[in-house]
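Breakdown of the fold
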Amino acid sequence: MLIPDKKGYFGDFGGKFMPETLFSCLDELGHFYAKIKNNKKFKEEFTFYLKEYAGRPTLLYFAKNLSKNLRMKIYLKREDLLHTGAHKINNSLGQALLAHHMGKKRIIAETGAGQHGVSAATVARLFNFQCDVYMGEEDIRRQRMNVFRMKTLGARVIPVKSGSKTLKDACNEAMRDWVTNVRNTYYLIGSTFGSHPYPMIVRDFQSVIGKEAKRQILNKEKRLPDYLIACVGGGSNAMGLFYPFYKDKRTKMIGVEAGGINRNLNSASLNFGKPGVLHGAKTYILQDKFGQVKATHSVAAGLDYPGVGPEHSFYKESGRAKYVTINDKEAVEGFKMLSELEGIIPALESAHAIAYLKKLAKKAKGSLTVVCLSGRGDKDLEIVQECIDKTLNSKS
Ligand SMILES: *Cc1c(COP(=O)(O)O)cnc(C)c1O
């Protein structure tokens, strides 16, 4: 089976729901990628940068205290140890290399919390691209440190004043820029979402996570894991871990979405959304009864997105993976649990996956589980401190 098919469909999901003006941009990218992806020199170059710049392979660490505590065997795939502190660099390096070979001189990106913007700005320096990052005005205000980080890395941050002044508006502006400047500009998308061929390209670049994890677990345990667990925002770290295990039917996959505050205020599109079209693909989307995209929330900025990559919608419908939610409070508990038991401070996004282990442990004692630790938590210390202060105040 070929997923996606030639038109970019994963079962019922995906596709290319774009204005005609963008079709030539997407086709150019699709054709170029098809030509280069199996090229030996391109693959060697990608592997070189993953190794020498980003720090791969990452460790597959046996979390002995956590395992003892939950009475399961738990391994952490340590994407938090990569340069820039999260898995996003894998994809940014791959796409920057693609842009370089396409002869582009400029890259553009959209960013919400600023993490993808930072990762794009980073690879722009490595390959000497001009870099413009679109970011909603509201997000610029909330994420001042990441804005400064991008500027330090020589990127221009362009404020987006339309709509809700957040991520989805930044995506729209980036697309507008791309159509106008496609001759010299590459649009570097940050997760497994958007129109074909992006979800496939990002998945392929992030698959290095799952390929390494598979080799490492076979080496250490001489068998495949019973469970794979990862948090799901746009879905790139989860798909990167899951995809190389797609055909290993005995390995169960669980994606953990951001349950936020309650059923009405969250970022759990697969759990609480319905199929629709967003940013060029058919997928699960959080929408109101008129089909308008709903406001989202998560304590983890990187999970705060109203849609999800179309391949996850396909995994959900076909039953290949299961999707669950962890709310803000549980995520903060997961953050504390891993810090206290293992001396590893996880990103709040990754803490969602960690927190789910506690629930899984009730029915999966003795099982072998690999969790994707997508990023490190230094960036989240202030937010967690605020959460703890708030609960202390409400108790007193
Ligand atoms: C951005 C981010 C995520 C969410 O993105 P996915 O594409 O769903 O992986 C998860 N964890 C960290 C640390 C992130 O920075």
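What you see is a predicted model, and the numbers here were worked out from it, not measured in a lab.

1. Quick look at the overall build of the chain
Within the chain, the secondary structure is distributed over 16 helices and 14 strands. Its C-alpha atoms give the chain principal-axis dimensions of roughly 55 × 50 × 40 Å. Here the chain holds 396 residues, and the buried ones make up 58% of them. In the chain, of all internal contacts separated by at least 6 residues, the share reaching a separation of at least 24 is 74%. Averaging the locations of the 62 positively and 39 negatively charged side chains of the chain gives two centres separated by 5 Å.

2. Some words on the packing of aromatic side chains
Going through the model one piece at a time under the given rule, you end up with 13 aromatic pairs. Ring geometry for F13 against Y284: centres 5.8 Å apart, planes inclined by 35°, an arrangement best described as tilted. You can see F13 sitting in strand 2 (residues 13-14) and its partner Y284 sitting in strand 12 (residues 281-285), a full 271 residues away along the chain. Note on accessibility: F13 and Y284 belong to one class, buried.

3. Describing the site of the ligand
Lining the immediate surroundings of the ligand are 18 residues, of which K88, Q115, S191, G235 and S236 lie closest. Contact between the ligand and S191: an oxygen atom at 2.6 Å from a side-chain N or O atom of the residue. In the environment of the ligand, an oxygen atom lies 2.7 Å from a nitrogen or oxygen atom belonging to the side chain of S236. Within the complex, the protein chains bury 97% of what would otherwise be the 380 Å² of accessible surface of the ligand. Per-class residue counts for the shell around the ligand are 5 nonpolar, 11 polar and 2 charged.

4. Remarks on the state of the cysteines
Scanning the model with the defined rule gives 0 disulfides in all. Residue C25 stays outside any disulfide, its sulfur separated by 16 Å from that of C171, the closest cysteine. For C25, a relative accessible area of 1% translates into the label buried. Here C231 stays unpaired: no disulfide links it, and the sulfur of C372, its closest cysteine neighbor, is 7.1 Å away.

5. Here's the deal with the sheet that holds strand 9 (residues 227-231)
Read across the sheet, 6 strands follow the order 3-4-14-9-10-13 without closing on themselves; strand pairing throughout is mixed. Strand pairing shows two members of the sheet lacking a second neighbour, strand 3 (60-62) and strand 13 (321-327), which therefore form its edges. When strand polarity is set aside, the average angle formed by the axes of neighbouring strands in this sheet is 25°. Lying on the sheet, helix 10 (residues 208-221) is in contact with strand 3, strand 4 (73-78) and strand 14 (368-373); it crosses strand 4 at an angle near 140°.

6. Side note on a positive patch on the surface
Among the surface-exposed residues, R71, K358, K362 and K365 lie close enough to one another that they form a single positively charged patch. Within the fold, K358 resides in helix 15 (residues 348-360).

7. Overview of the nonpolar core
Ranked by size, the top nonpolar core spans 87 residues in total, and within it L98, L241 and F242 carry the most contacts. Those residues in contact with F242 that lie beyond four places of it in its chain are L228, A230, M253, I254, G255, H312, Y315, A321 and Y323.

8. A look at the sheet that holds strand 7 (residues 156-160)
Strand order in this open sheet of 4 strands is 7-6-5-8, and the pairing throughout is parallel. Every other strand in the sheet has two partners, leaving strand 7 and strand 8 (185-187) as the edge strands with one partner each. Direction aside, neighbouring strands of the sheet carry axes that sit 25° apart on average. Where strand 6 (residues 130-136) meets strand 7, 5 bridges bridge the pair, whose relative direction is parallel. In the sheet register, M135 faces strand 7, and the bridge partner there is P159. Lying on the sheet, helix 5 (residues 115-127) is in contact with strand 5 (106-111) and strand 6; it crosses strand 5 at an angle near 165°.

9. Remarks on helix 9 (residues 198-206)
In terms of burial, helix 9 is largely enclosed, as 9 of its 9 residues are buried. Of all the positions in helix 9, only Y198, P199, M200, I201, V202, R203, D204, F205 and Q206 are classed as buried.

10. Observations regarding the environment of K6
Structurally, the position occupied by K6 is in the segment before strand 1 (9-10). On the basis of relative accessible area, K6 is assigned to the exposed category, the value being 79%. Separated by 191 residues in sequence, K6 and P197 place their C-alpha atoms 9.6 Å apart.

11. Structural notes on the pairing of strand 6
Counted residue by residue, strand 6 has 6 buried out of 7 residues, so it is predominantly covered. Strand direction decides the pairing type here: strand 5 and strand 6, joined by 6 bridges, are parallel. Paired with R106 across the strands is Q130, a residue of strand 6. Since strand 5 and strand 6 lie parallel, the crossover through helix 5 that links them has a hand, and here it is right-handed.

12. A closer look at the side chain of E110
In this fold, E110 is placed in strand 5. Here E110 is buried and forms no salt bridge, its nearest opposite-charge partner K88 lying at an N-O distance of 9.3 Å. Reaching out from E110, the side chain makes a polar contact with the side chain of Y187 at a distance of 2.8 Å. At 3.4 Å, the side chain of E110 forms a polar contact with the backbone nitrogen of G190. Residues contacting E110, with those up to four places away along its chain left out, are H116, Y134, L167, A170, C171, A174, Y187, L188, I189, G190 and F193.

The rules behind these values
Every chain is numbered independently, its residues counted from 1 as its sequence is written. Selection of residues for local features in this predicted model requires a pLDDT of at least 70, selection of side-chain atom pairs for listing and counting requires 80 or more, and totals for whole chains, interfaces and linings are taken over all residues. Each side-chain value is worked out from all heavy atoms of the structure, with water and hydrogens disregarded. Secondary structure is summarised from DSSP: a helix means a run of H or I of at least four residues, a strand means a run of E of at least two, and numbering begins at the N terminus for each. Burial classes: relative accessible area under 20% of the type maximum marks a residue as buried, over 50% as exposed, and values in between as partly exposed (1.4 Å probe, protein chains only). Contacts are residue-level and defined by heavy atoms, with any inter-residue pair within 4.5 Å sufficient. Within this scheme the basic residues Lys and Arg register as positive and the acidic residues Asp and Glu register as negative, but His and the chain ends are omitted. All charge positions are set by atom: Lys at NZ, Arg at CZ, Asp at CG, Glu at CD. Think of it this way: a Phe, Tyr or Trp ring, Trp meaning its six-membered ring, pairs with another when their centres are within 6.5 Å, and the plane angle makes it stacked under 30 degrees, edge-to-face over 60, tilted otherwise. Only a single heavy atom is needed: when it lies within 4 Å of a molecule or strand, its residue is near that molecule or strand. Any N or O atom pair separated by 3.5 Å or less is treated as a polar contact, with the protein-specific requirement of one donor-capable and one acceptor-capable atom, and with residues adjacent in sequence counted only for side-chain atom pairs. Methods summary: accessible areas were calculated by the Shrake-Rupley approach with a probe of 1.4 Å, and residue burial reflects only the protein chains presented. Three residue categories are used. Nonpolar comprises Ala, Val, Leu, Ile, Met, Phe, Trp, Tyr, Cys and Pro, charged comprises Asp, Glu, Lys and Arg, and polar comprises the others, including Gly. Any two cysteine sulfur atoms lying within 2.5 Å of each other are counted as a disulfide. Two strands form a pair only when DSSP identifies at least two bridges running between them. Here an angle of 0 to 180 degrees is reported between the N-to-C directions of two axes, which are lines fitted to C-alpha atoms, with helices fitted over the stretch in contact. Only residues whose relative accessible area exceeds 30% and that form no salt bridge enter a patch; like-charged residues are grouped when within 9 Å of one another, and nonpolar side chains (Val, Leu, Ile, Met, Phe, Trp, Tyr) when within 5 Å. Salt bridges are identified by distance alone: a Lys or Arg side-chain nitrogen within 4 Å of an Asp or Glu carboxyl oxygen. Nine residue types can take part in a nonpolar core, namely buried Ala, Val, Leu, Ile, Met, Phe, Trp, Tyr and Cys, and a core is a set of them joined through side-chain atoms within 4.5 Å. When the strands point away from the viewer, a crossover counts as right-handed if the route from the first strand across the helix to the second turns clockwise.

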